[in-house]
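# Structure assessment
Read off the chains here:
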Amino acid sequence: MSHAAPAPSPPAAAASGWVHALQTDDLDELAQGQADWSLQYQQLSCGAFQGRVTHVQLPGLRLVLETASQAVHQRGAIGHGHYGFAMPLGPVGDAFFNGQRLGGDAMMIGRSEDLDLVTPPGFGLVGAVVDRALLAPLWQHMYQKPLSDWLDRQVVVPVRPAAAQAV
């Protein structure tokens, strides 16, 4: 059973933004129901699957909320020329981002073309995917230097517990 509002076409996203929500018991539908992204999901634990994703697309920025009832391996690309920033919601169990163990007070950061995420049952995340054209001038303004090279790698960065709780 799935409930989805159709995602607008990319031209509509650039002009005015959109919201897309999908709740499904089909893992492939969850992967394919994320507009403009190329994802493959593989279920790693036994049992019935339930997944939910909500995207809020604004010019140059996509906000994401995703949950899955079962352990999942996600691979693919979440756009090109973007950077992703995501944090787990709640306990993370055995979660790995591009081979790095993910702690509960951590942020996943990296280029959007090479996602590799393994999550335990009941995992959720909140994230933002930012267009390089939007991020670069903001970074320059904030840090008085160009985007750091480490953003091109897939990294797990510890976050102060109070900051993680606030998110």
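Residues numbered from 1 in each chain as written. Predicted model: local features only at pLDDT ≥ 70, side-chain atom pairs only at ≥ 80, totals over all residues. Heavy atoms only, no water.

A few words now on unusual backbone geometry. In this structure, N98 is a non-glycine residue whose phi angle is positive, near 45°. One non-glycine residue with positive phi stands out, namely Q144, at about 55°. Among the secondary structure elements, Q144 is positioned in the loop between helix 3 (132-143) and strand 13 (155-158). For Q144, a relative accessible area of 59% corresponds to the exposed category. (Helix = DSSP H or I, 4+ residues; strand = E, 2+ residues; numbered from the N terminus. Buried < 20%, exposed > 50% of the residue type's maximum accessible area, 1.4 Å probe, protein only.)

Here we take up helix 3. Over its twelve residues, helix 3 runs 16 Å from end to end, which matches the ideal 16 Å to within 8%, given 1.5 Å per residue. One side-chain oxygen at the N-terminal end of helix 3 lies 2.7 Å from the backbone nitrogen of A133; it belongs to D131. Note on helix 3: the residue one or two positions beyond its end, Q144, has a positive phi of about 55°. (Expected span 1.5 Å × (residues − 1). Polar contact = N/O pair within 3.5 Å; in protein donor to acceptor, adjacent residues only side chain to side chain.)

With that settled, the discussion passes to the confidence of the model for the protein. Reading predicted coordinates in detail is not appropriate for stretches of low pLDDT. Of all residues in the protein, 90% attain a pLDDT of 70 or more, and the chain-wide mean is 88. Across residues 4-14, where pLDDT falls below 50, the model places 15 contacts with residues more than four positions away in sequence or in other chains. (pLDDT = per-residue confidence, 0-100. Contact = heavy atoms within 4.5 Å.)

Residue position: D105 is located in the loop between strand 9 (100-101) and strand 10 (106-111). With a relative accessible area of 36%, D105 lands in the partly exposed category.

Across all of its chains, the model carries two aromatic pairs by this definition. Judged by centre distance (4.7 Å) and plane angle (55°), the ring pair of W139 and Y143 falls under tilted. In this pair, W139 and Y143 are both assigned in helix 3, four residues apart and thus about one turn of the helix distant. For W139, a relative accessible area of 12% gives the class buried. The interplanar angle of 65° and the centroid separation of 6.3 Å between the aromatic rings of W139 and W150 together place this pair among those described as edge-to-face. In this pair, W139 sits in helix 3 while W150 sits in the loop between helix 3 and strand 13, placing the two residues eleven residues apart along the sequence. The class of W150 is partly exposed, set by a relative accessible area of 30%. Each residue in the set W139, Y143 and W150 is aromatic and connected to the rest through ring pairs, giving one cluster. (Phe/Tyr/Trp six-rings, centres within 6.5 Å; stacked < 30°, edge-to-face > 60°.)

With that out of the way, let us pick up the sheet that holds strand 6 (residues 72-77). Strand order across the open sheet formed by five strands is 3-6-11-8-9, with antiparallel pairing between neighbours. Two strands bound the open sheet, and with one partner strand each, they are strand 3 (38-43) and strand 9. Pairing of strand 3 with strand 6 involves six bridges; the strand directions are antiparallel. By the bridge assignment, Q40 is partnered in strand 6 with R75. (Pairing = 2+ DSSP bridges.)

This structure, assessed with the given rule, holds three salt bridges. Among the salt bridges present, the one from D36 reaches R62, with a minimum N-O distance of 3.6 Å. You can see D36 sitting in the loop between helix 2 (27-32) and strand 3 and its partner R62 sitting in strand 5 (residues 61-68), a full 26 residues away along the chain. Judged by its relative accessible area of 47%, D36 falls in the partly exposed class. Residue R101 pairs with D94 through a salt bridge whose shortest N-O separation is 3.2 Å. (Salt bridge = Lys/Arg side-chain N within 4 Å of Asp/Glu carboxyl O.)

So, about the nonpolar core. One finds L39, Y41, M108 and L125 to be the most contacted residues of the largest nonpolar core, which totals 25 residues. Contributing elements (two or more residues each) for this core: helix 2, strand 3, strand 5, strand 10, strand 11 (115-119) and strand 12 (123-131). Listed in part, the nine residues of the second largest apolar core include Y83, I109, V130 and W139. (Core = buried A, V, L, I, M, F, W, Y, C linked by side-chain atoms within 4.5 Å.)

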